[in-house]
Amino acid sequence: MKITSLLAVALFGTALTVLLKQNRPEQAWIAGLVTALLLIGMVAAELTGIVSAMETFMQNYGVRGDMLSGMAKVVAIAWLAQFGVQAARDAGQSALAAQLETGGRVLLLACALPSVFSLLQLGAELIGRAAP
Amino acid sequence: MVLVLVGCMVPGGRMISAPTETPPPEIQDGLDIIRSQADLSAWDSWFASQDAEMRAAWGNLPPSEYLYRLLFEGETPGFDGFLDTLLGTARSFLPSLLGQLLLYLGIAVLGSLLSGLQREGGLYQAGRLLFVALAGALVLSSVWTRLSDARETLQGVANISDIFLPILSGVLFLLGGTASAAAAQLAFTALSGTVIGLFSGVVFPLSICGGVLGITDALSSTPRLSGFAQLCKTACKWIVNICTILFTFIAGMGGLLAGSTDNILLKSSKLAVGGLPFAGALISGGMDTAYGCIALFRQGVGITGILLGLYWLLRPVLLLYAHALTLRAASALCLPIGDHRLSAVYARAADMLLQMLAALVAAGVMLLVSVGVCMGVGRG
C-alpha cells in the first residue's frame, strides 16, 4: 500500500534526521529536506491521478478543464512554497523564508490571475447577455 | 358554423332522404363536423418541428390526432404516460448530474488539501482565496449552459403562445365564442409581450446579477455584497409573484366573463330560435346537442393545449431544477470536508438557478392558465 511506503520513508527520514542532528546538524537539515521532497514526490503522483480523473469528468460534463488544472496548480504552488518557507526557517534563514513566501504568493497570483479574470469576464458577460 | 352544426343536430336533419327514419343525434357526429372545420394544422406543424425527445415523450402523436383520440376514443395518452415521461426524463440526465455532483465534491476535496498549510503564513490565505475564486469560475461556467437553456425556454414560452393564439382563437371563433377569443387574444398577447419581456429583461438580469454578486461575496471572509445580492433576490421574487398573481387574476376573470358572455349569447339565440313557429322547438332541441359538442370540443382543445405545454416545459424545467438541487447538495456535502466559502459559492449558484426556475415556472403556469381559462377547461 502507498501509505505504508509513505510511512516508512517518513519514519526513516525522521530517525536519520534525529541521529544526525546531534553531531552533524547541517547534514540533518539536508536529510530532512530530502525526506520531505521524497514524500512530496510520492504524493504528487497520486495528486496528478486525481486531477486527470477529474479532468476526464469535466470533459464528459462540458465544464472547462483549464479551471481544474489551475486549482491543482494553486494547491501545488502553495504546498511547495510552504515547504520551502519551513525549510528556510528551520535553517534559520527567516529573511529568505519571507522572500520565498512573497515569491510563492506572486506565483499563486500569476497562476490564478487568468482564471480570475475569466471569472470576472464570465460574470460580466452573463450580466451583459441577460440584459435586454 | 353553429348553424351548420344545429342543422345537422336537428332530429332528422341528417336523414333528409329518409324522413321516416329518425336516429338519435349523436355527439360524435357533431364533434366530427367541428373537427373537420377546425384548422389544427399549425399545431401539427409546430409539433413536427420539435425535437425528437419531446415528440417521443408525447407519444409521437400530432396534436390533432391526440384530440381525436381524446374526444372520440376517450383515451388520454398524455395523462397515462405522464409519470413514465417524468421518470424517463429524470433518468436521462441523472448520470450527468451525479457526475457533476462528484466533480463539485472533488473540488472540495482538492481544496481541503490547502488546510494542511500553516494558518499564520500568507500563503494559506492567498491559496484559499484563489482556489475558491477558481472554483467560482468553474461553477459559473458549468451553470452557463443552464442559464442559456433557461433564456431559450422563456423565449420558447413566448413563441408557443404566439403559435397557440391563432389556433385557439380560430377554434373559439369557429365555435361562436367571440368574447372568449378576445379574452384569449388579450391573455396571450400580455404573456408573450409584457410578462415574458419583464421576465427576460428584468428578472433574469437581476437573478444573474444577484448570483454573480453572491459568488463574488462568498470569496471574501467579510460579507460586503450580500446585501445587494439579497436585494436582487427579493426583487426577483416580488416581480415574479406580482406578475403571476396579476396575470392569473386578469386572465382568469377575463376568461370567466368572456365564457359567461358567450354562454348568454348562445342561450339567448337558443331562446329566440325556440320561439319560432312550427320548427322552433325542433331546432332548439338540436341546439342543446350542438352546444354540448361545442363545449366538449373546446375543453378537448384546451386539455390538449395544456398537456402539450406541460410536456414541452417538462424537460427544461426538470433539468434546471435538478442542476440547482445538485449544487445545493454539493453545498451541503462539501461543508464538512471543504472550505465554507466553497459551500457558499455553490449555494449562491443554486440560488441563481432557482430564481430563474421560478420565473420559468411562473411563465409556464401563466401559459397553461391562459389556455385553460380561455378554452373553458373544467367548466361545466
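Placed above this text is the structure.
The following refers to the structure shown. In this text, all values refer to a predicted model and were calculated from it rather than measured experimentally.

## Observations concerning the interface of chain B and chain A
Alright, step 1. Residue-level contacts link 42 residues of chain B with 40 residues of chain A.
Alright, step 2. On the surface where chain B and chain A come into contact, there are 0 salt bridges.
Alright, step 3. Where chain B packs against chain A, one counts 0 residue pairs in polar contact (both at pLDDT 80 or more).
Alright, step 4. Looking at the side of chain B that touches chain A element by element, the count peaks at 19 residues for helix α7 (residues 122-174) of chain B.
Alright, step 5. The residue makeup of the side of chain B that touches chain A, split by class, is 26 nonpolar, 15 polar and 1 charged.

## Some thoughts on the packing of aromatic side chains
Residue and element names in this part refer to chain B.
Alright, step 1. What the rule picks out here adds up to 2 aromatic pairs over all chains.
Alright, step 2. Arranged with centres 5.9 Å apart and planes meeting at 85°, the rings of Trp46 and Phe164 form a pair that is edge-to-face. On the criterion of sequence distance, the pair formed by Trp46 in helix α3 (residues 41-48) and Phe164 in helix α7 is long-range, its members being 118 residues apart.
Alright, step 3. Note on Trp46: relative accessible area 8%, which makes it buried.
Alright, step 4. Between Tyr104 and Tyr346 the ring centres are 5.1 Å apart and the planes differ by 45°, which places this aromatic pair in the tilted class. With Tyr104 in helix α6 (residues 77-112) and Tyr346 in helix α11 (residues 340-374), this pair connects stretches of sequence that are 242 residues apart.
Alright, step 5. A relative accessible area of 0% places Tyr104 in the buried class.

## Focus on the environment of Ala182 of chain B
Alright, step 1. Along the chain, Ala182 of chain B falls in helix α8 (residues 178-219).
Alright, step 2. Between the C-alpha atom of Ala182 of chain B and that of Ser169 of chain B, which follows or precedes it by 13 residues, the distance is 7.7 Å.

## Points about α7 of chain B
Residue pairs spaced three or four apart in an α-helix point in one direction, given the helix's 3.6 residues per turn.
Residues and elements named next belong to chain B.
Alright, step 1. Its 53 residues give α7 an end-to-end C-alpha distance of 77 Å, which sits within 8% of 78 Å, the value for a rise of 1.5 Å per residue.
Alright, step 2. At Trp144, α7 shows its largest kink, close to 35°.
Alright, step 3. At the exit of α7 stands Gly176, carrying a positive phi of roughly 80°.

Each value, and the rule that gives it
- Residues numbered from 1 in each chain as written.
- Chains lettered and ligands numbered in written order.
- Predicted model: local features only at pLDDT ≥ 70, side-chain atom pairs only at ≥ 80, totals over all residues.
- Heavy atoms only, no water.
- Contact = heavy atoms within 4.5 Å.
- Salt bridge = Lys/Arg side-chain N within 4 Å of Asp/Glu carboxyl O.
- Polar contact = N/O pair within 3.5 Å; in protein donor to acceptor, adjacent residues only side chain to side chain.
- Helix = DSSP H or I, 4+ residues; strand = E, 2+ residues; numbered from the N terminus.
- Nonpolar A, V, L, I, M, F, W, Y, C, P; charged D, E, K, R; others polar.
- Phe/Tyr/Trp six-rings, centres within 6.5 Å; stacked < 30°, edge-to-face > 60°.
- Buried < 20%, exposed > 50% of the residue type's maximum accessible area, 1.4 Å probe, protein only.
- Expected span 1.5 Å × (residues − 1).
- Bend = angle between axes of the 7 residues up to and from the residue.

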